[in-house]
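# Examination of the molecular architecture
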Amino acid sequence: MAHTSPVKEHPYSHLIDTLKDGQIKFFNPYKLNDPRYDKLPLSIRVLLEAAIRNCDGFYTKQEDVQNILHWQQEQNKAEVPFSPARVLLQDFTGIPAMVDLAAMRDAVAKHGVDPSLVNPKCPTDLIVDHSLQIDYSKCAIQNAPNPGGGEGPSQGPSRSVHSRPPSRGGAQCGGQRGSCSKAACSDSPGGSPASVQQIENTPLLCPFHLQPVSEVETALRNQEMELIRNKERLQFFKWCSKAFKNVNVVPPDVGAVHQLNLEYLSRVVQVSDGFIYPDSVVGTDSHTTMINGLGILGWGVGGIESEAIMLGQPISLTLPQVVGCKLVGSINPLTTSIDIVLGITKHLRQAGIAGKFVEFFGPGVSQLSVPDRTTIANMCPEYNATVSFFPVDQVTLKHFKKTNFTQEKLELLESYMKAVKLFRSYDDPSEDPQYSEVIEFNLSSMVPYVSGPKRPQDRVAVSSMKEDFQSCLDEKVGFKGFHIAKEKQEIRVPFLHGGQEYQLSHGSVVIAAVISCTNNCNPSVMLTAGLLARKAVEAGLLVKPYIRTSLAPGSGMVTHYLNASGVLPYFNKLGFEVIGYGCATCVGNTAPLPEAVVDAIKQGDLVACGVLSGNRHFEGRLCDCVRANYLASPPLVVAYAIAGTVGVDFEKEPLGLTSDGKEVYLRDIWPSREEVQQIEEDTVFSSIFKDLRGRMEKGNTFWKNVECSDSLLFPWDHKSTYIRSPSFFSKLSKEVPPPQSIENAHALLFLGDKVTTDHISPAGSIARVSAAAKYLMSKRLTPREFNSYGARRGNDAVMTRGTFASIKLQNRFIGKPGPKTLHIPSGQTLDVFEAADRYQRDGIPLIILAGKDYGSGNSRDWVAKGPYLLGVRAVIAESFEKLHRNQLVGMGIMPLQFLSGQNADSLELSGKERFSITLPESLSPGQELTVKTSQGKSFSVTALFDSDTDVILFQHGGLLRYVARTLL
């Protein structure tokens, strides 16, 4: 289990139930026989199960269980603990936590305790994905002409791609914009089976910038640089993977943390020590919320919170309000997944749900695929929700059949989730829980849009496209208008192309580009376009050969799944051939239109059109003679290309005619969502998961070549400037020391209101004149080798010197922004670290005086560790950010609050006094303490300990020392 193994005296042992003929046990909250359970949102049921399972009387008490059960009345009031099933770390935030555990091993070993007992109590996945930098790249920016619409070899001369000379390896043709693998650079633009087969060898692309890694050598050389630059960190991670139990280190070059969490690490249920329970996760990656789309409760936290959870301390959270988002109606057949995600996101943003849980229900949910759900869940920051939770249903189970789940595990998952009422049938309203409030969203209200004809923000419903284009012809020249005289609006200009006569008119499509990038990289929209192309070809429809068509897949993976699903040849038959990998049409890199087309446009002064699924289309950008340009989803690009004009009403007018003159409407060949989702599951996901599973199991030579010790204790290198044993465990005794009163302390800093974590904790680059820079230069490093505070999080000497090193720090002792303070005994102005170091050498304790909202902002892992190592014993402020207050307690620093109506100014404190705070032998939560100054003043403050647990952690000197003592 995650934290506390069930024993006979467990207060909820009567709730233990079994599965698989008694082989698997679980705590069944449903056996409480409490009618309140059926009314709880399913996300709150996950919190309840965790509280029941981890009820130890210390961190989690029975009253916490009752508060969660009483959620309807206690929401937004009661504080409850939550112990997630696992922790997710990326390497930047993971290294300080693992360094602390390594140092804890040293500390207990000195007392004769087996160091192998020091391990995370909560299972932890650490993904090394933030180390890679791009030192080598061979992406050039050149234009690759497009072979054009329906033109095959017989209709005109073939155009080969002009590539630079082959590289030393000779494996690929260079990587210029529009280039591809050597095999794909055939002189035949025709889409033969050979060329389709060759396309699979397209180059790898950066998944964020969609630019080709043109040679295998490029990736290998970047890996070599990663090994050199991060050798110490990687060796440490490799040691962690061998030394610690409950730690799973995913090596470099496997994948990004959020994708691995979604595609490989997600379990939905955990099984440990014979018990099964819901999977849940907190992570130090901002995309952690994606996991809620799989029915796994999870959100992002700071580094210090994740470390506390690893050590067994639950998260403390106010019982959240849960907004039920009810999805009703049927999705418009032409509406894509992107339309749905953006529509729901916009709706939730307008609803004002900051800090709340969102839980989806209603009959419309079952229409959303798992990628739809995870994308919506990932958009939480856009509408300020904590999580967007999609309870597990049949759609979820169907998805997992294509991933890394065996049939046996799926059956166990389903049986358990149904037993504890965490499985949903969205079509059954009797299962709907009670929510804080309900927001209804009608899926049928979402209609497909295009944007244009000149600006991306000018959206036009597809159903209104014909009328809107007509109005654009009428309007004066402006953001939308072209001001074409009425008598010239019906003009048709004939021209010859390939020996055949065609006609152009206002609205004729002359450029059609299917591009998979930015918002159109979702596989479903590309597969929809491919299936539409297949059905169009099968119905006998064609794209007119003069239309400049192209297909820019965005990455080799897109080409792979288009080929694997069997739709790529049909793209080719309509003229949409793979032109390469990179930005082309959007930036004006379209091949010239046929001269006859250009002449016809000029002759009739026509408003010709381009349709593309990219993200830029300003007037004249695609081609100077194409005045109207529309952004559309990939399938709509195909549809308008077949229609040959934007002046078409798809509902009332046919898309085209078959060879025997039969009318074919768009609705006749548009693929259903079910059809698209089935192919997506069968081809895209199965391929992705198979590949990922193989890479995880096989590993890579790069990681295998990283050398590390097999010892139980980490062999610290005293010359290292990246990894250093911190001094959190110095003078650690087996016994808990009595409360240490603070005698004659000086104020290290005298701060005002709204001191944020950015002011406190080191971040960004290391300034050349900072205390951290002086330290690194003393280690014979040049400024170029300083790297950043983030990269050096494993070195307490650097991080302590960076604490309060912000150039924006407003210290009232100094009177101007900067990382300086007054060393009161000498009257000198020094760096904050230098002053603190002097005080510590003289044996003088330190406090900090502050105003309102001390510690607000994003969590940072060194925001309490840094002040602790500077010698700060207490912070006296008007008010604290709740999270930071908990962090201070977790490091053994007292958060003391002025009484209401009082502050440093009202008490006439200069900050230069010496402060004494007497602590009683038995502290209690919320106790008032007296502060005496060297000037004879005294005032009361409140010790912001919320619970007995807080008091115990403080008395031990913080969580790290508490955990170490439990082992002693």
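Just so you know, these numbers come straight off a predicted model, no measurement behind them.

## As for the overall build of the protein
For the protein, the helix and strand inventory stands at 32 helices and 36 strands. Here the protein, with 968 residues, has 57% of them falling under the buried criterion. Considering only contacts in the protein between residues 6 or more positions apart, those separated by 24 or more positions represent 74%.

## Focus: empty space enclosed by the protein
Inspection of every chain in the model, using the stated rule, returns nine cavities of 30 Å³ or more. Taken as a whole, the second largest cavity spans an internal volume of roughly 140 Å³. Every residue lining the second largest cavity is counted, 16 residues in all, and those nearest its centre are Thr335, Ser337, Thr528, Arg673 and Val676. Broken down by secondary-structure element, the contributors of at least two residues to the lining of the second largest cavity are helix 17 (523-538) and helix 23 (673-698). Of the residues in the lining of the second largest cavity, the class split is five nonpolar, eight polar and three charged. Counting contributing residues, the lining of the second largest cavity receives three or more from each of domain 1 (86-134 + 219-445) and domain 2 (451-687).

## What to know about the side chain of arginine 373
With respect to the helices, strands and loops of the structure, arginine 373 is situated in helix 12 (residues 370-378). Here arginine 373 falls in the buried class, since its relative accessible area comes to 0%. Excluding anything up to four places from it in sequence, arginine 373 contacts Gly293, Val365, Ser366, Leu368, Phe390, Pro391, Asp393, Val395, Thr396 and Tyr426.

## A short note on the sheet that holds strand 8 (residues 247-250)
Sheet strands line up and pair through hydrogen bonds in the backbone, either parallel or antiparallel. Overall, parallel pairing links the five strands, which are arranged 8-5-4-11-12 in an open sheet. Strand pairing shows two members of the sheet lacking a second neighbour, strand 8 and strand 12 (297-300), which therefore form its edges. When the angles between neighbouring strand axes are averaged without regard to direction, this sheet yields 15°. As paired elements, strand 4 (residues 86-90) and strand 11 (residues 280-283) share three bridges and run parallel to each other. Bridging across to strand 11, valine 87 finds its partner in valine 282.

## Re the confidence of the model for the protein
Per-chain confidence: the protein averages 84 in pLDDT, with 84% of residues scoring 70 or above. Confidence drops under pLDDT 50 across residues 136-216; counting only partners more than four residues distant or on other chains, this segment forms 156 contacts. Across residues 617-621, where pLDDT falls below 50, the model places 23 contacts with residues more than four positions away in sequence or in other chains.

## Describing the pairing of strand 33 (residues 894-898)
A large share of strand 33 lies buried, amounting to four of its five residues. Relative to strand 33, strand 32 (residues 872-877) runs parallel, the two sharing four bridges. When the bridges of strand 33 are listed, isoleucine 876 appears paired with leucine 896. Taking the sense of rotation as the criterion, the β-α-β connection linking strand 32, helix 30 (residues 882-890) and strand 33 turns out right-handed. The sheet contact formed by strand 33 and strand 36 (residues 938-943) spans three bridges and is antiparallel. Bridging across to strand 36, glutamine 897 finds its partner in threonine 942.

## Some remarks on helix 15 (residues 407-419)
Its 13 residues place the ends of helix 15 18 Å apart at the C-alpha level, agreeing with the 18 Å of an ideal helix rising 1.5 Å per residue. Turning to helix 15, its buried residues number three or more, namely Leu410, Leu412, Leu413, Tyr416 and Met417. End-on view of helix 15: buried residues confined to an arc of 165°, all on one side of the axis. Those residues of helix 15 that are buried are in contact with strand 1 (16-19), strand 2 (24-27), helix 2 (42-53), strand 9 (269-272), strand 10 (275-278) and helix 14 (394-401).

Conventions used here
- Every residue gets a number counted from 1 within its own chain, in the order that chain's sequence is written.
- Local features in this predicted model are restricted to residues whose pLDDT is 70 or higher, and side-chain atom pairs enter the listing and the counts only when it is 80 or higher, whereas totals over whole chains, interfaces and linings include all residues.
- Hydrogens are left out, water is left out, and the side-chain values use all remaining heavy atoms of the structure.
- Numbered from the N terminus, helices here are DSSP runs of H or I no shorter than four residues, and strands are runs of E no shorter than two.
- Only protein chains enter the accessibility calculation, which uses a 1.4 Å probe. A residue is then buried if its area is under 20% of the maximum for its type, exposed if over 50%, and partly exposed in between.
- The contact definition used throughout considers only heavy atoms, calling two residues in contact when any of these lie within 4.5 Å.
- Cavities and pockets were defined on a 1 Å grid built from protein atoms only: a cavity is a group of points that admits a 1.4 Å probe but offers it no way out, a pocket is an open group of points flanked by protein on both sides within 12 Å along at least five of seven lines, and a lining residue is one with an atom within 4 Å of any such point.
- Grid points are joined across faces, edges and corners, and a volume is the space filled by probe spheres set on the points.
- Put simply, Ala, Val, Leu, Ile, Met, Phe, Trp, Tyr, Cys and Pro go in the nonpolar bin, Asp, Glu, Lys and Arg in the charged bin, and everything else, Gly too, in the polar bin.
- Throughout the structure description, domain borders are defined by an automatic or database domain assignment.
- Criterion used throughout: strands pair if DSSP finds at least two bridges between them.
- Under this scheme, a helix contributes an axis fitted over its contacting stretch, all axes are lines through C-alpha atoms, and angles between N-to-C directions fall in the 0 to 180 degree range.
- Confidence scores here are pLDDT values: one per residue, from the predictor, ranging 0 to 100.
- Assignment of crossover handedness uses the view with strands pointing away from the viewer, where a clockwise path from the first strand over the helix to the second indicates a right-handed crossover.
- Here, expected helix span is obtained from the residue count minus one, scaled by 1.5 Å.
- Within this analysis, the arc is defined by the directions that extend from the helix axis to the C-beta atoms.

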